[in-house]
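Close look at the chain arrangement
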Amino acid sequence: MNNYKAEKLTASWVKDNGMKIKQFDKIDLLLVRAQQAAHNLLKYHITLLTNEQATILNDYLIQLNNKKLQKKLTDKKAYAILNIGKKINREVFKAYKAADKSLL
């Protein structure tokens, strides 16, 4: 695979996960991880989120995409987003596990 093809695939994956390549050098990696988690939760697991959680995730994504508000984001806010992601992933795992047992 040539370099151009690899860069195109990388850019596509980054975009699909709700991120921007330009953000990687300017933003702390923890904030980018939280952005990916928030994007994926809102995209794939919106039905498992409460209204409050969905609002928190949307607000985080808005703040991250605004340069002035982005400077005010802290690690504490990123960990709050990641904790919501962890909670929803546990629920998804329990649902898969219950569905797997019912097939046996």
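Bear in mind that the values here come from a model prediction, so they are computed numbers and not experimental data. (Residues numbered from 1 in each chain as written. Predicted model: local features only at pLDDT ≥ 70, side-chain atom pairs only at ≥ 80, totals over all residues. Heavy atoms only, no water.)

Considerations on the overall build of the chain
- Assigned secondary structure in the chain consists of six helices and zero strands.
- Counting from the amino terminus, helix and strand elements in the chain follow one another as α-α-α-α-α-α.
- For 104 residues, the compact-globule formula gives about 13 Å, and the C-alpha radius of gyration of the chain, at 16 Å, lies well above that figure.
- The dimensions of the chain, computed from C-alpha atoms along their principal axes, are 45 × 40 × 20 Å.
- Pairs at least 24 residues apart make up 51% of the contacts formed inside the chain by residues separated by at least 6 positions.
- With the model as given, the accessible surface of the chain reaches about 7,900 Å², and the carbon-plus-sulfur share is 56%. (Helix = DSSP H or I, 4+ residues; strand = E, 2+ residues; numbered from the N terminus. Rg over C-alpha atoms; globule rule 2.2 N^0.38 Å. Contact = heavy atoms within 4.5 Å. Areas by Shrake-Rupley, 256 points an atom, 1.4 Å probe, with all protein chains shown as cover.)

Overview of a nonpolar patch on the surface
- A cluster of nonpolar side chains, namely Ile21, Phe24 and Leu29, defines an oily patch on the protein surface of about 280 Å² accessible area.
- Counting through the fold element by element, phenylalanine 24 comes out in helix α2 (residues 23–26).
- On the basis of relative accessible area, phenylalanine 24 is assigned to the partly exposed category, the value being 37%. (Patch = residues over 30% accessible without salt bridge, like charges linked within 9 Å, V, L, I, M, F, W, Y side chains within 5 Å. Salt bridge = Lys/Arg side-chain N within 4 Å of Asp/Glu carboxyl O. Buried < 20%, exposed > 50% of the residue type's maximum accessible area, 1.4 Å probe, protein only.)

A word on helix α1 (residues 3–16)
- In this model, α1 (14 residues) spans 20 Å end to end at C-alpha, consistent with the 20 Å of a helix rising 1.5 Å per residue.
- Just past α1, the residue glycine 18 takes up positive phi, approximately 75 degrees. (Expected span 1.5 Å × (residues − 1).)

Points about the confidence of the model for the chain
- A residue-level look at the chain finds 97% of positions with pLDDT of 70 or above and a mean pLDDT of 89.
- Mean pLDDT per element in the chain: α2 is the minimum at 74, and helix α4 (residues 51–65) is the maximum at 95. (pLDDT = per-residue confidence, 0-100.)

Quick word on the nonpolar core
- Core analysis: the largest hydrophobic core is formed by 24 residues, its most contacted members being Leu31, Leu49, Leu57 and Tyr60.
- Elements that contribute at least two residues to this core include exactly α3 (29–44), α4 and α6 (75–103).
- Looking at this core, the element that brings in the most residues is α3, giving eight residues. (Core = buried A, V, L, I, M, F, W, Y, C linked by side-chain atoms within 4.5 Å.)

With respect to the layout of surface pockets
- Computed from the structure, the largest pocket encloses a volume of approximately 220 Å³.
- As for the largest pocket, its lining consists of Lys20, Lys22, Gln23, Lys26, Ile27, Leu64, Asn65, Lys67 and Gln70.
- For the lining of the largest pocket, the elements supplying multiple residues, two or more each, are α2, α4 and α5 (67–70). (1 Å grid on protein atoms, 1.4 Å probe; cavity = no way out; pocket = protein on both sides within 12 Å on 5 of 7 lines; lining within 4 Å. Points joined across faces, edges and corners; volume = space filled by probe spheres on them.)

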